[in-house]
Amino acid sequence: LEKAAQNADNGAEYVRIGQVNMQLSQWEPAISAFEKALNKGVKDKDEVQFNIGASYFYMKKFPEAKAALEKVGGSSASAKNAKNFLNNINQQLKMR
């Protein structure tokens, strides 16, 4: 799958790799795959950016999660989800 992703014109294959890693709770490999997808010019940048933020969130790396989620724009479902995660992160950071 990694070979196919390297040879693909866009980042869709890396998105799939990232999603599989997320399902396996393998957060760092997921982030790496999503970053490669962004570098390849994946179409839905907001969804990928959200997945990066969510992966950091589940690793309890809240500052990194917040930075990633703040890059999600627009009025997409990803943007709404990012806003919910950001609210949760802000609450987590206040409790520290």
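Read on for an overview of the structure.

Reading the values: the criteria
Residues numbered from 1 in each chain as written. Predicted model: local features only at pLDDT ≥ 70, side-chain atom pairs only at ≥ 80, totals over all residues. Heavy atoms only, no water. Phe/Tyr/Trp six-rings, centres within 6.5 Å; stacked < 30°, edge-to-face > 60°. Core = buried A, V, L, I, M, F, W, Y, C linked by side-chain atoms within 4.5 Å. Buried < 20%, exposed > 50% of the residue type's maximum accessible area, 1.4 Å probe, protein only. Helix = DSSP H or I, 4+ residues; strand = E, 2+ residues; numbered from the N terminus. Expected span 1.5 Å × (residues − 1). Arc of directions from axis to C-beta. Contact = heavy atoms within 4.5 Å.

### Brief notes about the packing of aromatic side chains
Here is step 1: This model, assessed by the stated rule, comprises six aromatic pairs.
Here is step 2: Here a set of aromatic residues connected by ring pairs shows up, and it is made of Trp27, Phe50, Phe57, Tyr58, Phe62 and Phe85.

### Some words on the nonpolar core
Here is step 1: Counting residues in each nonpolar core, the largest one holds 29 residues, and the members touching the most others are Phe34, Val48, Phe50, Ile52 and Leu69.
Here is step 2: At the level of elements, α2 (12-23), α3 (27-40), α4 (45-58), α5 (62-69) and α6 (77-95) are the ones that each hand at least two residues to this core.

### Comments concerning α2
Here is step 1: In a regular helix each residue adds 1.5 Å, so twelve residues correspond to 16 Å; α2 covers 17 Å between its end C-alpha atoms and thus fits that length.
Here is step 2: Of the positions making up α2, those classed as buried are Tyr14, Val15, Ile17, Gly18, Asn21 and Met22. Projected down its long axis, α2 shows its buried positions confined to an angular sector of 160°, all on one face.
Here is step 3: Those residues of α2 that are buried lie in contact with α1 (2-7), α3 and α4.
Here is step 4: Ser25 sits one or two residues past α2 and shows a positive phi near 60°.

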